[in-house]
Amino acid sequence: MLEEKKIKQWLAENKKKGMNLLQRLVQEGSIRGNESSAQAIIIEKCRELGLSLDIWEIGEDDLFTHPVFCSDRKDFSGNPNIVGVLKGAGGGRSIILNGHIDVVPEGDRNEWRHDPFSGHIEEGIIYGRGSTDMKGGTVSLILAIEAIINSGIQLKGDVIFQSVIEEESGGAGTLAAVLRGYKADGAIIPEPTNMKLFPKQQGSMWFRITVKGRSAHGGTRYEGISAIEKAMIVITGLQNLEKKRNEKITDPLYENIPIPIPINIGKIHSGEWPSSVPDITVIEGRMGVAPDEKMEDAEKEMEAMLAQISEMDDWLCENPPKIEWFGGRWLPGNLEASHPLIETISECFQKVKQTRPVVEASPWGTDGGILSTVAGTPVVVFGPGVTEVAHDVNEYISINEVFEAAEIIALTLLKWCETN
């Protein structure tokens, strides 16, 4: 109980310090390929805390050849991964605290109330790209570690803090950390969950479907075959497949999620000239994967749907749509809600918030699938920030929530890792 009071007191006395750290991180626009300046701040902080540092540029041969690796980026030079270890005294459970430093592009700057990398603070809210996804969560991790160290508390188990690159593009940074040997008895990823606990995460993967037509002059369009019209058949098939797949989801953790595993069409390209019948349509999208589903099984289900609709159309039967799985892939994560890690963080949540946490399944993918599937490390996703503002203009996070999450995580470390 005394240790918990020390944690609370230290966090209360160091609000400005934590706020300044978060603002500095937001001000470094660490979009893909430009993560180094934000990582430099993380390195500086880890050294200040006396953590045992491992700094390296990812890109080893075993990363590029690993079946889970999916990035189109092959040069990571100048943008390192960072691991800082708070070594325990021994005899306790270890834990990974995993955050990603990369952020998505800011989009149309004219839509932002403030410069997206200003770190503007107003009425307890900090604005900027990456504030909620997920630099706010990363600061919660750092504050939790710092509160424990500065309260003079010695943990038995190791705390392995990770600041990785490439999460937004498929998880190469976390995969590289796993291949470097970092595993633990549990892991927390503080993505913006609205302070909910996500023991299960939806996986996802990108697809590209090419539909062939036959070109002709628009004035005699009946002599051609419109690839757009044939693509409409494919789109209907995708909508029906989405409905069929989601009807099979009965997990109560998805009760409040309207479409647990969506199939989203994100891009369509077709035609080169208004007066011509288009001969090619390309559809690109994202397929959600259930927590207990294999990626390969989901692929086969979509491929079977395309074969089925092709049999029902003479043109498609002769010219079947071609599917390509490309780009980002996020493995699903599946942890039982009764796992000791969930029970531990739930208990600590209740101590801080005076109410039981909401436990749901994640509506999006995270690096948790890599940690759980490749490393065999149990993962819970829990962090500050509003899910709905991630990747949006005027992204923001509540500073109070960052500190609440830090306290919950710090108490979880005390209980999970144990103290001397």
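Just so it is clear, the model here is predicted, and its values are computed rather than measured. (Residues numbered from 1 in each chain as written. Predicted model: local features only at pLDDT ≥ 70, side-chain atom pairs only at ≥ 80, totals over all residues. Heavy atoms only, no water.)

Right, let's talk about the layout of surface pockets for a bit. Of the volumes computed, that of the largest pocket is approximately 880 Å³. Along the walls of the largest pocket sit 33 residues, with Glu168, Arg286, Trp364, Gly365 and His391 positioned nearest its centre. Elements represented by at least two residues in the lining of the largest pocket include exactly strand S9 (203–212) and strand S12 (322–330). In the lining of the largest pocket, the residues fall into eleven nonpolar, twelve polar and ten charged. (1 Å grid on protein atoms, 1.4 Å probe; cavity = no way out; pocket = protein on both sides within 12 Å on 5 of 7 lines; lining within 4 Å. Points joined across faces, edges and corners; volume = space filled by probe spheres on them. Helix = DSSP H or I, 4+ residues; strand = E, 2+ residues; numbered from the N terminus. Nonpolar A, V, L, I, M, F, W, Y, C, P; charged D, E, K, R; others polar.)

In this section: helix H12 (residues 399–417). When the terminal C-alpha atoms of H12 are compared, their 27 Å separation across 19 residues agrees well with the 27 Å that a helix rising 1.5 Å per residue should span. Among the 19 residues of H12, 15 are classified as buried, and the element is accordingly described as predominantly covered. Among the residues of H12, the N-terminal cap falls to Ser398, whose side-chain oxygen and the backbone nitrogen of Asn400 are separated by 3.4 Å. Within two residues after H12, Glu418 carries a phi angle of roughly 70°, on the positive side. (Expected span 1.5 Å × (residues − 1). Buried < 20%, exposed > 50% of the residue type's maximum accessible area, 1.4 Å probe, protein only. Polar contact = N/O pair within 3.5 Å; in protein donor to acceptor, adjacent residues only side chain to side chain.)

The side chains of a regular strand alternate between both faces of the sheet. Burial runs high along strand S8 (residues 197–201): five of the five residues are buried. The pairing of S8 with strand S14 (residues 359–362) spans three bridges and is classified as parallel. Bridging from a neighbouring strand, Gln201 pairs with Ser362 of S14. As paired elements, S8 and strand S13 (residues 333–334) share two bridges and run antiparallel to each other. Within S13, the position partnered with Gln201 by the bridge is Gly333. (Pairing = 2+ DSSP bridges.)

It is at 9 Å that the axes of helix H1 (residues 2–13) and helix H5 (residues 131–150) come closest, and there the two elements cross at 115°. Here H1 and H5 pass one another in a crossing that is right-handed. Facing Ile7, Trp10 and Leu11 of H1, the residues of H5 in contact are Leu143, Glu146, Ala147, Ile148 and Asn150. Among the residues making up the contact of H1 with H5, the classes are represented as six nonpolar, one polar and one charged. (Axes fitted to C-alpha atoms, helices over the stretch in contact; angles between N-to-C directions. Left-handed = near helix turned anticlockwise from the far one by under 90°. Contact = heavy atoms within 4.5 Å.)

Looking now at the environment of Met19. Note that Met19 resides in helix H2 (residues 15–27). It is 23 Å that separates the C-alpha atoms of Met19 and Asn34, two residues lying 15 residues apart in sequence. Once residues within four sequence positions are removed from consideration, Met19 is found in contact with Ile121, Ile399 and Phe403.

On to the packing of aromatic side chains, then. Tallied over the full model, the rule gives nine aromatic pairs. Measuring from centroid to centroid gives 5.3 Å for Phe64 and Phe69, while their planes differ by 80°, and the two rings are edge-to-face. Plain terms: the ring middles of Phe207 and Trp325 are 6.3 Å apart, the flat faces sit at 70° to each other, and that makes the pair edge-to-face. Pair noted here: Phe207 is in strand S9 and Trp325 is in strand S12, with a separation of 118 residues, a long-range link. Residue Phe207 is classed as buried on the basis of its relative accessible area of 0%. (Phe/Tyr/Trp six-rings, centres within 6.5 Å; stacked < 30°, edge-to-face > 60°.)

Let's shift gears to the sheet that holds strand S11 (residues 280–289). Overall, antiparallel pairing links the four strands, which are arranged S10-S11-S9-S12 in an open sheet. One side of each edge strand has no neighbouring strand; the edge strands of this open sheet are strand S10 (263–270) and S12. Across the sheet, the axes of successive neighbouring strands diverge by a mean angle of 20°, strand direction being ignored. Note that S9 and S12 share seven bridges and pair antiparallel. Counted as the bridge partner of Met205 is Arg329 from S12. Those strands touched by helix H7 (residues 227–247) are S9, S10 and S11, and its axis lies near 10° from that of S11.

What follows deals with the packing of H7 against helix H8 (residues 295–311). Relative placement of two packed helices is described by the angle separating their axes and the distance separating the axes. Interhelical geometry of H7 versus H8 gives an angle of 135° and a closest axis separation of 10 Å. On the basis of the axis angle, H7 is oblique to H8. Considering the relative orientation of H7 and H8, their crossing is right-handed. On H8, the residues that touch Ile233, Val234, Gly237, Leu238, Leu241, Lys244 and Arg245 of H7 are Ala298, Glu301, Met302, Met305, Leu306 and Ile309. Looking at the contact of H7 with H8, its residues break down into nine nonpolar, one polar and three charged. (Parallel < 35°, antiparallel > 145°, perpendicular 65-115°, else oblique.)

This paragraph deals with the UniProt feature "domain: Peptidase M20 dimerisation" (unreviewed entry) in the chain. Per the UniProt record, the feature "domain: Peptidase M20 dimerisation" (unreviewed entry) sits at residues 201–309. From the first C-alpha to the last, residues 201–309 spans 30 Å; its make-up is 33% helix and 27% strand. (UniProt positions renumbered as here; feature names shortened; annotations may be inferred.)

Examined against the element boundaries, Thr174 turns out to sit in helix H6 (residues 172–179). Contacts of Thr174, omitting those with residues within four sequence positions, involve Asn98, Val164, Ile165, Asp367, Ile370 and Leu371.

The next subject is the pattern of salt bridges. Under the counting rule described, the total for this entry stands at 31 salt bridges. One salt bridge connects Glu106 with Arg109, and the closest N-O pair in it is separated by 3.2 Å. Residue class for Glu106 comes out buried when judged on its relative accessible area of 16%. Taking relative accessible area as the criterion, Arg109 reaches 41% and is therefore assigned partly exposed. One salt bridge connects Glu347 with Lys415, and the closest N-O pair in it is separated by 3.5 Å. Taken together, the positions of Glu347 in helix H10 (residues 340–353) and Lys415 in helix H12 put the pair 68 residues apart, joining distant regions of the chain. Using a relative accessible area of 32% as the deciding quantity, one classes Glu347 as partly exposed. Linked by salt bridges that have partners in common, Arg32, Glu35, Asp72, Arg73 and Glu166 make up one network. (Salt bridge = Lys/Arg side-chain N within 4 Å of Asp/Glu carboxyl O.)

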